[in-house]
Amino acid sequence: MGVGRRMKKQGPPAPLSEEHFANLKRKKGLPVDDVPAEPSSNKRRRTAATPEKSTKAAATSKPAGKQSNGAKKAPAVLESGKKAGKVVKPKKAPIPEAESDDEMDDEFDLDNASGSDVDMEKLGDDFLGTDDDSVYDSEEEGGKKEKFVFSDDEDDEDDREEKLTAANIEGLSRRLDEKMAREAEENEEELREEALQTNIDGDKPQILGDEDEEDELSTKTKGLLAPDLQMLRTRITETIRVLEDFSNLAEEGRNRPEYTNQLLQDVCAYYGYNEYLAEKLMNLFPPREAFAFFEANETARPVVIRTNTLRTHRRDLAQALINRGVTLEPVGKWSKVGLQVFESTVPLGATPEYLAGHYILQAASSFLPVMALCPQEGERCLDMAAAPGGKTTHMAALMKNTGVIFANDPSKTRAKGLIGNIHRLGARNVIVCNYDAREFPRVMGGFDRVLLDAPCTGTGVIAKDPAVKTNRDEKDFQQLPHTQKQLLLAAIDSVNHASKTGGYVVYSTCSVAVEENEQVVAYALSRRPNVRLVETGLPFGKEGFTSYMGKAFHPSLKLTRRYYPHLYNVDGFFVAKFQKVGPTAANAVLANGKKDQAVANTAAAAEAQSAVIDKTPIAADGESKEEDDDFGGFDDGADEDYIERAKRNAMRRRGLDPKALKKGQEKKPAKEAEAPKEAVKEKTQDKPKEKVKDAVKEKTKEAVKGKAQEKPKEKTKEKPKKAKGKEKK
């Protein structure tokens, strides 16, 4: 391909044809005027080149082979006296869309043109400083100059920014301010439209429809069709706004229950709750806070891991996980072992650190009960519902594997997972047992601290288990609180009030319902006057209710703590801490609704002792108990002391008052209480002596009869006296 004149003289490129600009306009959808057919002679510039130069140029242009569309060019035949325009005739087909500079140079190359009448001296080197009419300019036909447009700049022409200079900076800033103001106005207009334009004129929002006519939304929901979520959300926000300023925004003739019922129906339709649970949750908060609570339950809580301080430190664990591509940070200033994970390129449940027991996946709210319990080293603790072992291993870490922890769970299948976590995390001071926690005081007692994370409805972890929205009904809120009350009484009875370092019980649930929290605590306070609520020691949390729906609770319930997902970004939780200040009364009703059988048995034994019972062994016929026997017999008085001491120790281990045995005896006069004991001792001692006397008398009578026949009567009279003397001895 030959070298064009533009490359030789570094001049501007040859102007494009009008047809090229017409094609560009067609591509952009602009109106295009009819493009007149141009003669072939006008497409080439006339030059004053000598015939020698023209022949050289023609010779160099012959190798130029192809056009942009792939069609070969016809070779130019040069003859003296003929113009080059007659040799090559342009086709009427449209020019291709994209053309390279080299191809354009070949198409409009001056070297392909020849003629003796072409004069180069008339034109300048750059074709600009001439007024010759022989030069064709495609922009002159349209009457206005068109800007050169290339394929790369066609789409970006509108977005092209003006270059910032000192002269135009003020104008550009003014235009930018106008643009921002215009966008702000558009945003405000959208907000006003979403709010049904209720704030523009101050009109009262029309939320409630007529009683006779059902709106389209209610018919859709009743027909099990998909409701309009945008309309539902708008109506929820408007109803909340009306309830907050009911006196000014409520419609005439409408009362607050009507708006509340409308809000309840919209919440059930929008979030998918059953009506009973939605109403119960809405009663806990003001309308706007309830809306925030429902919104928070739609988003999952952040993933949190707890560092196992028995095997590693939090800083070392964080560095190891960061090296594996995990993005994390401390869960907060309130915890020294928690790490919050934002993003991870590896599964957190399969890393070498997890398998080595350096951490455990555990919700942040599950740290709180153990932090409130605060077990000390060397203590004897009980976790009544321990599976899957997060709280148990946390207690073992705080105790530094000292003392002993009894981890109980009534389910054997869940206990298997508990055992696995205990072994993986290296907790060596844990004993796993499988009992019904309500019967645990009979099994074992005398603990320094007891943790009860009771089973609940799970209304605080709806984000983790959305099935709670529809599965929980009124029956669940009656059965589970009853079980929780029994478990709490059993936990209180299992604690040793005389512990030097403990005597504490922590009760927690993952629920926000009052029936499972404040009402259970109030029941325990009424049934066990020997316990009281104390500070939990937690750095944050909302105070518990002291009154709810017309019910008033003990003022000390403000010491309990509540946790909500929309306030603290943790699962909904409740924590209460008790301290046992005295022994459980002997006549107290236990967790199973019955009185303590051990106390009843001791009372029955005390009554049985008051009756006269002959416990002396029956001797065989013809046998007598000699006085000089090596075995000295039983000491009933010493045995009774041992028995009473053992009973008192057993009652102390169960957390019962050992003085309860003496309370029944104190009611009787002291003389009446002592007289039966003396009578029992005298009778038990006299009966063996009387039997011995009778046997001796019979033998002496037989001996006297046998000897009376041989000896005189005087000797027979002395022997009974000697026998009597022996009996006296």
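Since the model is a prediction, treat every value here as computed from it, not as a measurement.

Enquirer: Could you give me a rundown of the pattern of salt bridges, with the residues and numbers involved?
Expert: For the structure shown, the criterion picks out 20 salt bridges. With a shortest N-O distance of 2.9 Å, Asp266 and Arg235 are connected by a salt bridge. Separated by 31 residues along the polypeptide, Asp266 in helix H9 (residues 256-271) and Arg235 in helix H7 (residues 229-244) bring together distant segments of the chain. Look at Arg235 and you get buried, because its relative accessible area is 14%. The residue Lys469 makes a salt bridge to Glu298 at a minimum N-O spacing of 2.8 Å. One end of the pair, Lys469, is in helix H18 (residues 468-471); the other, Glu298, is in the loop between helix H11 (287-296) and strand S1 (303-307), and 171 residues separate them in sequence.

Enquirer: Just give me the short version of unusual backbone geometry, but keep the residues and values in it.
Expert: For the bond from Ala387 to Pro388, the omega torsion is 5°, close enough to zero to count as cis. Looking at the secondary structure, you find Pro388 in the loop between strand S5 (380-383) and helix H15 (390-399). With phi around 55°, Lys400 is a residue other than glycine that occupies positive phi space. Its location among the elements puts Lys400 in the loop between H15 and strand S6 (404-408). Despite not being glycine, Asn401 has its phi angle at roughly 60°, a positive value. Within the secondary structure, Asn401 sits in the loop between H15 and S6.

Enquirer: Hey, could you go over the packing of aromatic side chains for me, with residue numbers and the actual values?
Expert: Centre-to-centre distance and the angle between the planes together describe a pair of aromatic rings. Under the definition given, this model contains 18 aromatic pairs. For the pair Tyr271 and Phe294, a centre-to-centre distance of 5.8 Å together with 25° between the ring planes defines the contact as stacked. Taken together, the positions of Tyr271 in helix H9 and Phe294 in helix H11 put the pair 23 residues apart, joining distant regions of the chain. For the pair shown, Tyr271 and Phe294 are each scored as buried. Ring pairs connect the aromatic residues Tyr270, Tyr271, Tyr273, Phe285, Phe293, Phe294 and Tyr564, which therefore count as one cluster. Lys485 extends its terminal NZ or CZ atom over the ring of Tyr523, reaching a point 5.0 Å from the ring centre. The ring of Tyr504 has Lys577 sitting right over it, with the charged end atom 4.6 Å from the ring centre.

How each quantity is defined
- Each residue is numbered by its place in its chain's sequence as written, counting from 1.
- Reporting in this predicted model follows two pLDDT cut-offs: at least 70 for local features of residues, and 80 or more for side-chain atom pairs to be given and counted; totals over whole chains, interfaces and linings ignore these cut-offs and use all residues.
- Side-chain metrics rest on all non-hydrogen atoms present in the structure, leaving aside hydrogens and water.
- Salt bridges, as used here, are contacts in which a Lys or Arg side-chain nitrogen is within 4 Å of a carboxyl oxygen on Asp or Glu.
- What counts as a helix is a DSSP run of H or I of at least four residues, what counts as a strand is a run of E of at least two, and both are numbered from the N terminus.
- Only protein chains enter the accessibility calculation, which uses a 1.4 Å probe. A residue is then buried if its area is under 20% of the maximum for its type, exposed if over 50%, and partly exposed in between.
- Aromatic contacts are taken between Phe, Tyr and Trp rings whose centres are within 6.5 Å, Trp giving its six-membered ring; a plane angle under 30 degrees counts as stacked, one over 60 as edge-to-face, and the others as tilted.
- Two conditions define a charge sitting above a ring: the NZ of Lys or the CZ of Arg must be within 6 Å of the ring centre, and it must be within 35 degrees of the ring normal.

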